[in-house]
Amino acid sequence: MSPVTTFLTHGDRVLFQGDSLTDWGRDRDDPESLGHGWVAVAAALAGARRPDLGLRFHNRGVGGDTAALVRERWEADALALEPTVISLLVGINDTWRRYDQGRATSTEQYEDSYRALLDSARERLDVRFVLVEPFLLPLSPQQEAWREDLDPRIEVVRRLAGEYGAVLLEADSMFAEATIAASAEHWTTDGVHLTPAGNGLLAEAWLNRLGLPA
């Protein structure tokens, strides 16, 4: 029997990009470090499930980054690596900084930065995209109010996924459904960052969307 077809192809170089949810403690002195979160779990399981694909994985997430900050380092931390697949998760800090530092980023500015990332990659590389929508598991009424700012950004990512022919991982909807089975605290430590269970759930969802289920 031939292997099941996946979104990934033999020899793919997969780049994970974004903020702390992607970064997750990666060693900046080791270019092969994948951190200790969902990215490392997804890469490990992808390699175990489909060793025949000969996949290579890179993590260049940076904690605290907004879409604009990812854009500033895109040349060195994305284009120069010449990935064939880019998995992008960014947006929660564009919302968070409004509420903890008073630094607002409009939805239009967010879309402009996000679109610039996709455009430059598509112009320079033969690349496919996996867009992971930003998500929130509110732990307080104050955090629930962030929805006003975050939900339009999620809609941007969903729309861009369709426009650019990307695989969309609807992480916000997934985690909302997950809170039916267990409380938000089971999945997140602060409404944004994930527990081991949350990292596992996101990694499994990423693998499933790309055709590498258990």
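Higher on the page you've got the structure.
Please read these numbers as outputs of a predicted model, since none were measured by experiment. (Residues numbered from 1 in each chain as written. Predicted model: local features only at pLDDT ≥ 70, side-chain atom pairs only at ≥ 80, totals over all residues. Heavy atoms only, no water.)

Colleague: Tell me about the environment of Arg 71, and please be specific about residues and values.
Modeller: Within the secondary structure, Arg 71 is located in helix α3 (residues 67-72). You can call Arg 71 partly exposed: its relative accessible area is 38%. Only 2.9 Å separates the side chain of Arg 71 from the side chain of Asp 112, close enough to count as a polar contact. (Helix = DSSP H or I, 4+ residues; strand = E, 2+ residues; numbered from the N terminus. Buried < 20%, exposed > 50% of the residue type's maximum accessible area, 1.4 Å probe, protein only. Polar contact = N/O pair within 3.5 Å; in protein donor to acceptor, adjacent residues only side chain to side chain.)

Colleague: Kindly report on the pattern of salt bridges, identifying the contributing residues and their values.
Modeller: The tally for this structure, following the rule as stated, stands at 19 salt bridges. Linking Glu 75 and Arg 124 is a salt bridge whose minimum nitrogen-to-oxygen distance equals 3.0 Å. In this pair, Glu 75 sits in helix α4 (residues 74-77) while Arg 124 sits in helix α6 (residues 107-124), placing the two residues 49 residues apart along the sequence. The class of Glu 75 is partly exposed, set by a relative accessible area of 43%. For Arg 124, a relative accessible area of 48% puts it in the partly exposed group. Here the residues in one salt-bridge network are Glu 111, Arg 115, Arg 159 and Glu 163, joined through shared partners. (Salt bridge = Lys/Arg side-chain N within 4 Å of Asp/Glu carboxyl O.)

Colleague: Please provide a residue-by-residue account of the sheet that holds strand β2 (residues 56-59), values included.
Modeller: The 5 strands lie next to each other as β2-β1-β3-β4-β5, forming an open sheet whose pairing is parallel. Each having just a single partner strand, β2 and β5 (167-169) make up the two edges of the open sheet. When strand polarity is set aside, the average angle formed by the axes of neighbouring strands in this sheet is 15°. Direction of pairing for strand β4 (residues 128-132) relative to β5: parallel, over a ladder of 3 bridges. Looking at β5, one finds that Val 130 is bridged to Val 167. Sitting on the sheet, α6 touches β3 (85-89) and β4, and the angle it makes with β4 is about 160°. (Pairing = 2+ DSSP bridges. Axes fitted to C-alpha atoms, helices over the stretch in contact; angles between N-to-C directions. Contact = heavy atoms within 4.5 Å.)

Colleague: Now, about the pairing of β4: what can you tell me, with residues and values included?
Modeller: When a strand is regular, its side chains alternate between the sheet's two faces. Burial runs high along β4: 4 of the 5 residues are buried. Alignment of β3 against β4, held across 4 bridges, turns out to be parallel. Considered in β4, the bridge of Ile 86 is made with Phe 129.

Colleague: Give a description of unusual backbone geometry that names residues and reports values.
Modeller: One can expect most non-glycine residues to show negative phi and most peptide bonds to be in trans. In this model, Trp 24 sits at a positive phi of 45°, which is unusual for a non-glycine residue. Within the element layout of this structure, Trp 24 appears in the loop between α1 (20-23) and α2 (38-49). At Glu 82, a residue that is not glycine, the phi angle is positive and equals roughly 50°. Take Glu 82: it is sitting in the loop between α4 and β3. Residue class for Glu 82 comes out partly exposed when judged on its relative accessible area of 48%.

Colleague: With reference to specific residues and values, describe helix α5 (residues 92-100).
Modeller: Those residues of α5 that sit buried are Ile 92, Asn 93, Asp 94, Thr 95, Trp 96 and Arg 97. Packed against the buried residues of α5 are α1, α3, α6 and α8 (147-163). Following α5 by one or two positions, Gly 102 has its phi on the positive side, about 70°.

Just geometry here; none of it tells us what the structure is for.
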